[in-house]
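# Structural features, examined
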Amino acid sequence: MSDNDNTGNAGNIDTSGNTPPDADPSFGFATRAIHAGARPDAVTGARSTPIYQTTAYVFEDVDHAADLFNLQTFGFIYSRLTNPTVAVLEERIANLEGGRACVCSASGHAAQFLTFFTLLEPGDEFIASRNLYGGSITQFGISFKKLGWTCHFVDPRDPENFRAALTPRCKAIFVEQLANPGAVVVDVEPIADIAHAAGIPLIVDNTVPSPYLFRPFDWGADLIVHSTTKFLSGHGNAMGGALVESGHFDWAQNDKFPSMTKPDPAYHDLTFYETFGDFGFTTKARAVALRDFGPSLSPANAFYTITGIETLPLRMQRHTENAQAVAEFLEAHPAVAWVSYPGLKSSPYRGLAKKYLPVGCGSVFTFGLKGGFEAGVKLVESVNLFSHLANLGDTRSLIIHPASTTHRQLSEAQQIAAGAGPDVIRLSVGIESVEDLIRDLDTGLRSATAD
Amino acid sequence: MTGASVSLAPLHYDNDLVRRILRETRTIAMVGASPNWVRPSNFAMKYLQGKGYRVIPVNPRAAGTQILGEQTYTSLADLADAAPGPVEIVDIFRSSDAAGAVVDEAIALKDRLGARTVWMQLGVRNADAARRAEEAGLTVIMDRCVKIEYGRLFGEIGWQGVNSGIISAKRPRLHH
């Protein structure tokens, strides 16, 4: 029996919209940061999102179980795939990014794996900015190679570098906004145009700005990845990652994405784009990549992250104010050689920051000491209030020497290219009293430069 | 990409309107329902049956057979002859072009069917047919999936990480 449910197939799905269907634009960001995805519990009326600390869910009957396994109905089977607490976080992040759907994962690295496993076949390639979190450079450049995926790194400061690096097997372009460590502002809009002209999606790592400061989908991005461990969660207490899809990318425009447009033998020949349309990518990432590789977010970590997001706007305002004050203090300090913060008048990224980050430039940036490597090491060891550790986006102020930690696996040439040379110190400015932060750095700089 | 919808602006429907349609409906005629269980129409039919709706398939190529336990009809006229009771929604799983003739049939049979709403599925838009249906007193929804809208408005679609767009501190009702 041939089929007659010809809606024209998924190629007919509207990719022209700017907002998810029926998203209510009348609610502001701060309202959505608290309420999106989290209505009171229907059964108990619980107002805070309960932690559904369960691995599995009872089926109504055998037919219901079959529907769930076949993806014919919405519901819960097993917490490796879906969990009610995690689902609240997923909808919250999708909403704040202005996206269609989200799938969360155990970490940001896991979210990147889910993304590329869903996009790529063995032998495929993608292009990434060379200014990325050091762990991403290692994941893309070395570990992904073992799966048959090749990443070409380019200097993101000229968007045309991405076009020049395109190959027939390139299936995506990946950039990080406010790229850590040196807060590089990437000119996302023309890079999105280059990706779309090649029929491939633009992926943006929006971890450092968070959706409060930057909305990649407004500038043409198709997928967003997050380490929710950072500003979204915000308190340095819960690992997590997220993959968000805009719902506007047409996966059927060419033959580059068989994982989306061809019947999938891993799912009884279901065609994901045709069946799930504008939330087909995250559905596929969940139903296949998350199912088969298992990097799920725990419900407890989802709860901490949900609670953290409720104060995201307040925290980001304070982070940004403090970072601006600290950056200005450092720039005027005699021991400091340079400061790379786009909120400073001296920054080469000032123009791009005004376009893409009108609310503020975040709180992660780098500076160099006139005393070089040795002064940097002394500073890290002599501060009292800044925590010396490898993380960012905590309420607490953090300090690190990237060349000896986060970017340690890179060659010195790669370190310098990534803005993490031997003399570089990275700060993640917290939300403490800013005068205490400045005093702490001043004391540290004095002892770092004393003979 | 074959759909004319690519260049069209997204449609907006009031949540309360769609919620009311879904609450006031008991029976849906699904034009283009497929007997193949991996097809989207079959997914939607099975889901809506699970929510308590009666879904009657209309598909000339499957006429006379049963889909998910329901007799399949050749056409809406054929279905009207069988007088199954009020069919509040005519749900169209056909291309945008083919939807026009189905809408005209629904208009002609609206009183015999008891139809109140013509609903064109995700990716299906036919503005001329919509105008004719509205002039005939029918409510029209286009470019939406009944299943997805049900899941969205009654709180299930977020279970799959989809942005429902619903912001409310009201305790949800467990069933429609």
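Worth saying up front: this structure is predicted, and the values here are computed from it rather than measured.

## Describing the environment of Phe69(A)
Residues and elements named next belong to chain A. Mapped onto the fold, phenylalanine 69 is located in helix 2 (residues 62–69). Phenylalanine 69 sits in the partly exposed class, given 13 other C-beta atoms within 10 Å. Between the C-alpha atoms of phenylalanine 69 and glycine 199, which are 130 residues apart in sequence, the distance is 32 Å.

## What to know about the pairing of strand 2 (residues 54–58) of chain B
All names here are of chain B. Across the 5 residues of strand 2, 4 count as buried, placing the element largely inside the fold. Sheet topology note: the strand 1 (residues 27–31)/strand 2 ladder contains 5 bridges and is parallel. When the bridges of strand 2 are listed, isoleucine 28 appears paired with valine 55. Running through helix 2 (residues 40–50), the crossover from strand 1 to the neighbouring parallel element strand 2 is right-handed.

## Observations concerning the packing of helix 2 of chain B against helix 7 (residues 146–153) of chain B
All names here are of chain B. At their nearest, the axes of helix 2 and helix 7 sit 9 Å apart, and the two run at 45° to each other. Taken as axis vectors, helix 2 and helix 7 run oblique relative to one another. Contacts between helix 2 and helix 7 involve Phe43, Ala44, Tyr47 and Leu48 from the first element and Val146, Lys147 and Tyr150 from the second. Class assignment of the residues belonging to the contact of helix 2 with helix 7 gives a composition of 6 nonpolar, no polar and 1 charged.

## Things to note about the sheet that holds strand 1 (residues 101–105) of chain A
Strand pairing in a sheet takes place through backbone hydrogen bonds and is either antiparallel or parallel in direction. All names here are of chain A. In spatial order, the strands read 1-7-6-5-4-2-3; together these 7 strands make up an open sheet with mixed pairing. Two strands in the sheet have a free side with no partner beyond their single neighbour: strand 1 and strand 3 (150–154). Neighbouring strand axes in the sheet, compared pairwise and without regard to direction, differ in orientation by 20° on average.

## Considering the domain arrangement of chain A
All names here are of chain A. Taken as a whole, chain A is organised into domain 1 (27–308) and domain 2 (312–449). In this structure, domain 1 and domain 2 have C-alpha centres spaced 28 Å apart. Tallying the contact residues gives 31 residues for domain 1 and 37 residues for domain 2. Secondary-structure elements contributing two or more residues to the side of domain 1 that touches domain 2 are helix 1 (29–35), helix 5 (134–143) and helix 8 (210–213). Among the residues forming the side of domain 1 that touches domain 2, the class breakdown is 18 nonpolar, 10 polar and 3 charged.

## Some points on the pairing of strand 12 (residues 424–428) of chain A
All names here are of chain A. Across the 5 residues of strand 12, 5 count as buried, placing the element largely inside the fold. Along strand 12, one buried face is formed by Val424, Arg426 and Ser428 and the opposite face, lined by Ile425 and Leu427, is buried too. With 5 bridges connecting them, strand 9 (residues 364–369) and strand 12 associate as antiparallel partners. Bridge pairing in strand 12 links threonine 366 to arginine 426. One ladder, built from 3 bridges, connects strand 11 (residues 398–400) with strand 12; its direction is antiparallel. When the bridges of strand 12 are listed, leucine 398 appears paired with serine 428.

## Some points on helix 11 (residues 280–293) of chain A
Residues and elements named next belong to chain A. A rise of 1.5 Å per residue sets the reference length of helix 11, with its 14 residues, at 20 Å; its end C-alpha atoms lie 19 Å apart and thus fit the reference within 8%. Most of helix 11 is tucked away, with 10 of its 14 residues classed as buried. Among the residues of helix 11, Gly280, Phe281, Thr282, Thr283, Lys284, Ala285, Arg286, Ala287, Ala289 and Leu290 are the ones counted as buried. Contacts made by the buried residues of helix 11 are with strand 1, helix 4 (108–119), strand 7 (241–245), helix 9 (258–261) and helix 10 (272–276).

## Quick look at helix 12 (residues 299–310) of chain A
Residues and elements named next belong to chain A. Between its terminal C-alpha atoms helix 12 stretches 17 Å, which fits the 16 Å expected from 12 residues at 1.5 Å a residue. Taken across its 12 residues, helix 12 has 9 buried, putting it largely inside the fold. When we look at burial in helix 12, the residues that qualify are Pro299, Asn301, Ala302, Phe303, Tyr304, Thr305, Ile306, Gly308 and Ile309. Among the structural elements, helix 1, helix 3 (84–96), strand 1 and helix 13 (312–331) are those in contact with the buried residues of helix 12.

## As for the sheet that holds strand 2 of chain B
All names here are of chain B. Ordered in space as 2-1-5-6-7, the 5 strands form an open sheet in which the pairing is parallel. Looking at the sheet topology across the chains shown, the edges are occupied by strand 2 and strand 7 (139–141). Ignoring which end each strand starts from, the neighbouring axes of this sheet average 20° apart. Bridging between strand 5 (residues 89–92) and strand 6 (residues 117–120) involves 4 bridges; their strand directions are parallel. By the bridge assignment for strand 6, valine 90 is matched with valine 118. Packed onto the sheet, helix 2 meets strand 1 and strand 2 and runs at close to 155° relative to strand 2.

Parameters and conventions
- Residues numbered from 1 in each chain as written.
- Chains lettered and ligands numbered in written order.
- Predicted model: local features only at pLDDT ≥ 70, side-chain atom pairs only at ≥ 80, totals over all residues.
- Helix = DSSP H or I, 4+ residues; strand = E, 2+ residues; numbered from the N terminus.
- Buried ≥ 20, exposed ≤ 12 C-beta atoms within 10 Å, placed from the backbone.
- Pairing = 2+ DSSP bridges.
- Right-handed = clockwise from strand over helix to strand, strands pointing away.
- Axes fitted to C-alpha atoms, helices over the stretch in contact; angles between N-to-C directions.
- Parallel < 35°, antiparallel > 145°, perpendicular 65-115°, else oblique.
- Contact = placed C-beta atoms within 7 Å.
- Nonpolar A, V, L, I, M, F, W, Y, C, P; charged D, E, K, R; others polar.
- Domains from an automatic or database assignment.
- Expected span 1.5 Å × (residues − 1).

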